Amino acid sequence: MGKEISQAVIRRMPRYYRYLGDLLDEGVERISSNELSEKMKVTASQIRQDLNNFGGFGQQGYGYNVQYLYDEIGRILGLEQQHNIIIIGAGNLGQALANYSKFEKLGFIIIGLFDINPKLKGQAPRGIPVMMLEELEDFASSHKIDIAALTMPKYTADSIANRLAGLGIRAIWNFAHVDLDLMDKNVVVENVHLSDSLMQLSYNMLQSRNE
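The following paragraphs examine the structure supplied in this document. (Residues numbered from 1 in each chain as written. Predicted model: local features only at pLDDT ≥ 70, side-chain atom pairs only at ≥ 80, totals over all residues. Heavy atoms only, no water.)

### Let's talk about the overall build of the protein
Operational definition: Think of it this way: any DSSP run of H or I at least four residues long counts as a helix, any run of E at least two long counts as a strand, and we number them from the N terminus. Three exposure classes are used, based on accessible area relative to the maximum for each residue type with a 1.4 Å probe and protein chains only: buried under 20%, partly exposed in between, and exposed over 50%. Areas reported here follow the Shrake-Rupley algorithm with a probe of radius 1.4 Å; residue values treat only the protein chains shown as occluding. Only four residue types enter the tally: Lys and Arg on the positive side, Asp and Glu on the negative side, with His and both chain ends excluded. Charged side chains are reduced to one point each, which is NZ for Lys, CZ for Arg, CG for Asp and CD for Glu.
The secondary structure content of the protein amounts to nine helices and eight strands. With respect to the three principal axes, the spread of C-alpha positions in the protein is 60 × 50 × 35 Å. By the burial criterion, 39% of the 211 residues in the protein qualify as buried. Working note: accessible area of the protein is about 12800 Å², and carbon and sulfur atoms make up 51% of it. Positive and negative side-chain charges of the protein, numbering 21 and 25 respectively, have mean locations separated by a distance of 4 Å.

This is how it looks when you write it as structure tokens:
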């Protein structure tokens, strides 16, 4: 097993990837850690420490080749592979995720939407048909599913998550407002609590007003 990387470092990697993509769009070919630091508001030493977890990628006196570093971080994040996603819950949030086309540019392909509301059956946001939840097992048997996004009410999330794990789905992107209790501890879960982010924003607003 390789070196364990802290989650704090992992959380910063997509941000590096995004900034490097912007630099490529601007035609920048190389950049120093100090220049990247100014753009990202992260210390140069932090950038070097983060990247050294994966091999460094820089050259003393030259800095970083932007295209090479962008490609390497993409590889670290698994973006050279296609990841098939299904969404469980085809309400407003589920359909908003399905309509976000940038996911596809990163290799995340939404291949199915599921719900229990028969009024939604046959709708097809961005050409992705909404199916009923009872069709899930048949769909899973004929499609490779890498990630399931949960956008349903929290009281059904645990049972659905365990059902997905039983179908061999190994990663869950959880928007339900609950921390999942999974029997299979090998399933990777990323929790996205939108209200938590708003509460943090509210706190920071208050702090800003009190300064």
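That shown, we press on.
### Digging into the packing of helix 1 (residues 7-25) against helix 4 (residues 66-76)
Definition in use: Axis lines are fitted to C-alpha atoms, over the contacting stretch for helices. Their N-to-C directions set the angle, which ranges from 0 to 180 degrees. Handedness of each helix crossing follows the sense of rotation of the near helix against the far helix: counterclockwise by less than a right angle gives left-handed, clockwise gives right-handed. Any pair of residues with heavy atoms lying within 4.5 Å of one another is described as a contacting pair. Only Asp, Glu, Lys and Arg are considered charged in this grouping, and only Ala, Val, Leu, Ile, Met, Phe, Trp, Tyr, Cys and Pro are considered nonpolar; every other residue, Gly among them, is considered polar.
Packing of helix 1 against helix 4 brings their axes to within 9 Å, and their N-to-C directions diverge by 145°. Along this stretch, helix 1 crosses helix 4, giving a crossing that reads as left-handed. Residues Met13, Tyr16, Tyr17, Leu20, Gly21, Leu23 and Leu24 of helix 1 pack against Val66, Gln67, Leu69, Tyr70, Ile73, Gly74 and Ile76 of helix 4. Per-class residue counts for the contact of helix 1 with helix 4 are 11 nonpolar, three polar and no charged.

### With respect to the packing of aromatic side chains
So the rule is basically this: Note on aromatic contacts: the rings of Phe and Tyr and the six-membered ring of Trp form a pair at centre separations within 6.5 Å, being stacked when their planes are under 30 degrees apart, edge-to-face when over 60 apart, and tilted otherwise.
One pass over the structure, following the stated rule, counts six aromatic pairs. Judged by centre distance (6.2 Å) and plane angle (70°), the rings of Phe57 and Tyr68 are edge-to-face. One end of the pair, Phe57, is in the loop between helix 3 (44-52) and strand 2 (64-65); the other, Tyr68, is in helix 4, with 11 residues separating them in the sequence. Exposure remark for Phe57: the relative accessible area of 15% places this residue in the buried category. Here Tyr68 falls in the partly exposed class, since its relative accessible area comes to 41%. Relative to Phe175, the ring of Trp173 has its centre 4.7 Å away and its plane inclined at 65°; by these criteria the two rings are edge-to-face.

### Structural notes on the pattern of salt bridges
The following threshold applies: A side-chain nitrogen of Lys or Arg and a carboxyl oxygen of Asp or Glu constitute a salt bridge if their distance falls within 4 Å.
Counted under the stated rule, the structure contains eight salt bridges. Measuring nitrogen to oxygen at the nearest pair gives 3.2 Å for the salt bridge that ties Arg126 to Glu104. Taken together, the residues span a long stretch of sequence, with Arg126 in the loop between strand 4 (108-115) and strand 5 (130-132) and Glu104 in helix 6 (residues 102-105) at a distance of 22 residues. On the basis of relative accessibility, which here comes to 36%, the residue Glu104 falls in the partly exposed class. Lys185 is paired through a salt bridge with Asp181; the nearest N and O atoms lie 3.9 Å apart.

### Observations regarding the layout of surface pockets
Heads up, the rule is: Cavities and pockets are found on a 1 Å grid laid over the protein atoms alone: a cavity is a set of points where a 1.4 Å probe fits but cannot escape, a pocket is an open set with protein on both sides within 12 Å along at least five of seven lines, and a lining residue has an atom within 4 Å of such a point. Grid points are joined across faces, edges and corners, and a volume is the space filled by probe spheres set on the points.
Here the largest pocket is characterised by a volume of approximately 1500 Å³. Contributing to the lining of the largest pocket are 30 residues, with Pro14, Leu77, Leu79, Leu106 and Phe108 lying nearest its centre. In terms of residues, the lining of the largest pocket owes the most to one element, helix 1, which gives 11 residues. Here the residues of the lining of the largest pocket sort into 20 nonpolar, three polar and seven charged. Roughly 200 Å³ of volume is contained in the second largest pocket. The set of elements that each furnish at least two residues to the lining of the second largest pocket consists of strand 4 and helix 8 (154-166). The element that contributes the greatest number of residues to the lining of the second largest pocket is helix 8, accounting for three residues. When the residues that make up the lining of the second largest pocket are grouped by side-chain class, the tally is nine nonpolar, four polar and one charged.

Spatial relationships are all this shows, so hold off on functional conclusions.
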